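# Coordinates in review
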Amino acid sequence: MTTERDLGPQLSARLTYLLKHALVALEDLHAEHLAPVGVSGRELAVLLLLDGHNPESQQQVAGRLGVDRTTMVALLDGLQAKGLVARHAHAGDRRRNVVELTADGRTALVRAVHASDEAERQLLTELDDAESAQLRTLLTRLTQDRSNT
C-alpha cells in the first residue's frame, strides 16, 4: 500500500488525490457487493432513478443521469437483457419509448441498495456516525447545482 511518505505531503494532501482514491475504493467495494445481485454501480444508478419517477424516455433518463445517448442505450440494453427494465411505446406518443422497472427490477433494486449500503459502510468504517453524516452533508453542499451561486 502506498503511504504519504511514498507520495509526499504535497500530493497526498490534495483533494483531487483523496477524492479519486476514495472513489476507486468505493467502486471496488460496490463491484464486490453488487456482484451477487448481478448489477453494476452504474446500473444501480439507473434503477434508482427509474424507481423514483413515472416512466420516462431513454433520452430523459440519460439527461437526468448526465450520460450520453450511446452509454444509456448500452446500460438499458443490459438491464433489459437481465429482465430488470422494460421499454415500450408511450401511450400518448407512440414515437417515444419509455423505460420502467419490472417486478424483477424492483426486487433487484432492494437487494442492490442493501449491497450498496454495505459497501458504503465498509468505506466509512473509520468514521463514526456523526462524521459519516457530516461527510455526506459536506459533499452534498459541494455537488449541488452550482448555477445558484
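Scope of this entry: the structure provided in the associated data block. (Residues numbered from 1 in each chain as written. Predicted model: local features only at pLDDT ≥ 70, side-chain atom pairs only at ≥ 80, totals over all residues. Heavy atoms only, no water.)

## Points about the overall build of the protein chain
- Tallying secondary structure elements over the protein chain gives eight helices and three strands in all.
- Along the protein chain, helices (α) and strands (β) appear in the sequence α-α-α-α-β-α-α-β-β-α-α when read from the amino end.
- In terms of overall dimensions, the protein chain is more spread out than a globule: its C-alpha atoms have a radius of gyration of 18 Å, far above the 15 Å expected for 149 residues.
- Overall, the protein chain is about 60 × 40 × 30 Å in size when its C-alpha atoms are taken along their principal axes.
- Across the 149 residues of the protein chain, 27% fall into the buried class.
- For the protein chain, contacts bridging at least 24 residues in sequence account for 52% of all contacts bridging at least 6.
- Of the roughly 10300 Å² of accessible surface on the protein chain, 52% is carried by carbon and sulfur atoms.
- Placing the 17 positive and 21 negative side-chain charges of the protein chain at their respective mean positions leaves the two points 8 Å apart. (Helix = DSSP H or I, 4+ residues; strand = E, 2+ residues; numbered from the N terminus. Rg over C-alpha atoms; globule rule 2.2 N^0.38 Å. Buried < 20%, exposed > 50% of the residue type's maximum accessible area, 1.4 Å probe, protein only. Contact = heavy atoms within 4.5 Å. Areas by Shrake-Rupley, 256 points an atom, 1.4 Å probe, with all protein chains shown as cover. Lys, Arg positive; Asp, Glu negative; His and termini not counted. Charge placed at Lys NZ, Arg CZ, Asp CG, Glu CD.)

## Notes on the sheet that holds strand 3 (residues 97-101)
- The strand order across the open sheet built from three strands is 1-3-2, with neighbouring strands paired in antiparallel fashion. Edge positions in the sheet fall to strand 1 (56-57) and strand 2 (85-89), since each of these pairs with one other strand and no more.
- Relative to strand 3, strand 2 runs antiparallel, the two sharing five bridges. Directly across from Ala-86, in strand 3, lies its bridge partner Glu-100.
- Against the sheet, helix 6 (residues 69-81) engages strand 2 and strand 3, with an angle of about 110 degrees to strand 2. (Pairing = 2+ DSSP bridges. Axes fitted to C-alpha atoms, helices over the stretch in contact; angles between N-to-C directions.)

## Some remarks on the pairing of strand 3
- The sheet contact formed by strand 1 and strand 3 spans two bridges and is antiparallel. Among the inter-strand pairings, Glu-56 is bridged to a residue of strand 3, identified as Val-99.

## With respect to the packing of helix 3 (residues 15-34) against helix 7 (residues 103-123)
- Running from N to C, helix 3 and helix 7 cross one another at 140 degrees; their axes reach a closest spacing of 9 Å. Relative to helix 7, helix 3 is oriented oblique. Seen from above, helix 3 lies across helix 7 with right-handed handedness. In this structure, helix 3 uses Ala-22, Ala-25, Leu-26, Leu-29, His-30, His-33 and Leu-34 to contact helix 7, whose residues at the interface are Ala-112, Ala-115, Ser-116, Glu-118, Ala-119, Glu-120, Gln-122 and Leu-123. (Parallel < 35°, antiparallel > 145°, perpendicular 65-115°, else oblique. Left-handed = near helix turned anticlockwise from the far one by under 90°.)

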